[in-house]
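Each chain, written out:
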Amino acid sequence: MRLASPRSLFLLAFIGSALLIVVALYMEHVMGLAPCPLCIVQRICVIAFGLTCLVAAIHGPAKTGRRVYAGVGLLFVLFGSATAIRQIWLQSVPADQLPSCLPSLEYMMEALPFQEIARLVLHGTAECAEVSWTMLGLSIPEWSLLAFIGMAIVCLAQLLRRLSKNFPSYRRTPAALAGSSHGRAAARCACEIRRLFA
């Protein structure tokens with residue numbers, strides 16, 4: 001089965017990422033599910049991955065460029081997956097062992113250096129451990145992790161795929177080979193051999 005063209009695959013990945021953000025905004029503003037710090041980090045990773053795919057789809061790069069875009073996208077996917085796994089782990093920890101809630105982001109931006117803000121946000125809090133919504137028995141970070149796995153598959157497909165124009169010899173049919181100069185030379189040699197042994 002042939003994969004979609006690299007450009008189409010990047011475009012589909014962007015559309016999928018945009019749909020994920022639409023769902024996240026719907027859950028926040030319509031369903032009233034406020035995102036925790038780790039949820040926000042995962043959103044940022046999805047947005048960064050989607051924008052990378054959009055630029056790649058518009059650019060339509062060759063093999064090297066395609067792999068660069070896929071590699072950058074994969075970095076965002078791995079970081080997002082790590083935060084999703086961290087949140088899933090927090091949801092399994094007893095409540096009395098969870099870190100306390102963080103102050104508001106506005107306060108931290110004014111009072112703390114960026115490195116400390118990043119450390120506190122990525123560490124997670126009791127707010128991140130709350131399971132406020134499930135579907136088919138899976139919580140939001142578990143669905144998020146599945147989405148990141150899908151994004152990783154797209155990136156790996158782009159990194160590992162081989163375009164037919166770069167490997168023509170593996171995809172040429174016997175009829176096409178017979179029409180080439182090498183094919184005609186081989187046919188002449190075969191005729192001469194048959195005459196010698198006739």
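Just so it is clear, the model here is predicted, and its values are computed rather than measured.

## Describing unusual backbone geometry
And step 1. You will see that Leu136, though not glycine, has its phi angle at about 55°, which is positive.
And step 2. A residue is classified by how much of its surface remains accessible, and Leu136, at 76% relative accessible area, is exposed.

## Focus on the state of the cysteines
And step 1. Taken as a whole and judged by the stated rule, the model has 0 disulfides.
And step 2. There is no disulfide at Cys36, and the cysteine sulfur nearest it, in Cys39, is 3.3 Å away.
And step 3. A relative accessible area of 3% places Cys36 in the buried class.
And step 4. For Cys155, which is in no disulfide, the shortest distance to another cysteine sulfur is to Cys53 and amounts to 6.0 Å.

## Let's talk about a nonpolar patch on the surface
And step 1. Where nonpolar side chains cluster on the molecular surface, the patch consists of Leu11, Leu12, Ile15 and Leu19 and spans about 370 Å² of accessible area.
And step 2. By the secondary structure assignment, Ile15 is in helix α1 (residues 6-29).
And step 3. The exposure class assigned to Ile15 is partly exposed, which follows from its relative accessible area of 40%.

## A closer look at α1
And step 1. In a regular helix each residue adds 1.5 Å, so 24 residues correspond to 34 Å; α1 covers 35 Å between its end C-alpha atoms and thus fits that length.
And step 2. Every buried residue of α1 is accounted for by Pro6, Leu9, Phe10, Ala13, Ser17, Ile21, Ala24 and Met27.
And step 3. Those residues of α1 that are buried lie in contact with α2 (37-59), α3 (63-92) and α7 (140-160).

## Quick word on the packing of aromatic side chains
And step 1. Within this structure, the stated rule accounts for 1 aromatic pair.
And step 2. Taking the centre distance of 6.4 Å and the plane angle of 75° together, the rings of Phe10 and Tyr69 count as edge-to-face. Here Tyr69 lies in helix α3 and Phe10 lies in helix α1, a separation of 59 residues in the sequence.

## Describing the layout of surface pockets
And step 1. Considered as a void within the structure, the largest pocket measures approximately 670 Å³ in volume.
And step 2. Every residue lining the largest pocket is counted, 29 residues in all, and those nearest its centre are Ala24, Met27, Cys39, Ile140 and Pro141.
And step 3. If you list the elements that add at least two residues to the lining of the largest pocket, you get α1, α2, α3, α6 (126-129) and α7.
And step 4. Residue composition of the lining of the largest pocket, grouped by class: 19 nonpolar, 6 polar and 4 charged.

## Thoughts on the side chain of Ser17
And step 1. Turning to its location among the elements, Ser17 is positioned in helix α1.
And step 2. When its relative accessible area of 4% is taken as the criterion, Ser17 is described as buried.
And step 3. The residues contacting Ser17, other than those within four sequence positions of it, are Val46, Phe49 and Gly50.

## With respect to the environment of Ile88
And step 1. Here Ile88 is to be found in helix α3.
And step 2. The exposure class assigned to Ile88 is partly exposed, which follows from its relative accessible area of 23%.
And step 3. Residues Ile88 and Ile140, 52 residues apart in the sequence, show an inter-C-alpha distance of 9.0 Å.
And step 4. Each residue touching Ile88, except ones within four places of it in the same chain, is listed here: Pro141, Glu142 and Leu145.

## Brief notes about α7
And step 1. Over its 21 residues, α7 extends 30 Å from the first C-alpha to the last, a length consistent with the 30 Å expected when each residue adds 1.5 Å.
And step 2. All of the buried residues in α7 are Pro141, Ser144, Leu145, Phe148, Met151, Ala152, Val154, Cys155 and Gln158.
And step 3. Looking at the buried positions of α7, the neighbouring elements they touch are α1, α2, α3 and β2 (138-139).

## Some remarks on the nonpolar core
A general feature of soluble globular proteins is that nonpolar side chains tend to end up buried together.
And step 1. By size, the foremost hydrophobic cluster in this structure holds 19 residues, and its most contacted members are Phe10, Phe49, Val77, Phe148 and Met151.
And step 2. When residues of this core are traced back to their parent elements, those giving at least two are α1, α2, α3 and α7.
And step 3. Examining the composition of this core, we find that 7 residues originate from one element, α2, more than from any other.
And step 4. When residues no more than four places from it in sequence are discounted, the contact partners of Phe148 are Gln42, Cys45, Val46, Val77, Gly80 and Ser81.

The rules we used
- Each chain has its residues counted from 1, running along the sequence as written.
- Reporting of local features is limited, given that this is a predicted model, to residues whose pLDDT is at least 70; pairs of side-chain atoms are given and counted only at 80 or more, and all residues count toward the totals for whole chains, interfaces and linings.
- Working from all heavy atoms in the structure, the side-chain values ignore hydrogens and water.
- The buried label goes to any residue with under 20% of its type's maximum accessible area, the exposed label to any with over 50%, and the partly exposed label to all in between, with areas taken from a 1.4 Å probe on protein chains only.
- Cysteine sulfur atoms that come within 2.5 Å of each other are treated as a disulfide pair.
- The patch calculation keeps residues exceeding 30% relative accessible area without a salt bridge and links them within 9 Å when they carry like charges or within 5 Å when they are nonpolar (Val, Leu, Ile, Met, Phe, Trp, Tyr).
- Only the protein chains shown count as covering a residue, and every accessible area follows the Shrake-Rupley method with a 1.4 Å probe.
- What makes a salt bridge here is a side-chain nitrogen of Lys or Arg within 4 Å of a carboxyl oxygen of Asp or Glu, nothing more.
- Think of it this way: any DSSP run of H or I at least four residues long counts as a helix, any run of E at least two long counts as a strand, and we number them from the N terminus.
- A helix is expected to reach a length of 1.5 Å times the quantity of its residues less one.
- For this analysis, residues touch if any pair of their heavy atoms sits within 4.5 Å.
- Note on ring pairs: Phe, Tyr and Trp rings are taken, using the six-membered ring of Trp, and paired if centres are within 6.5 Å. Classes follow the plane angle, with under 30 degrees stacked, over 60 edge-to-face and the rest tilted.
- We place a 1 Å grid over just the protein atoms. Points where a 1.4 Å probe fits but has no way out form a cavity, open points with protein on both sides within 12 Å along at least 5 of 7 lines form a pocket, and any residue with an atom within 4 Å of a point lines it.
- Grid points are joined across faces, edges and corners, and a volume is the space filled by probe spheres set on the points.
- Under the convention adopted here, Pro, Cys and the residues Ala, Val, Leu, Ile, Met, Phe, Trp and Tyr are nonpolar, Asp, Glu, Lys and Arg are charged, and Gly plus all remaining residues are polar.
- Residues belong to a common nonpolar core when they are buried Ala, Val, Leu, Ile, Met, Phe, Trp, Tyr or Cys residues joined through side-chain atoms within 4.5 Å.

Read these as geometric descriptors, not functional statements.
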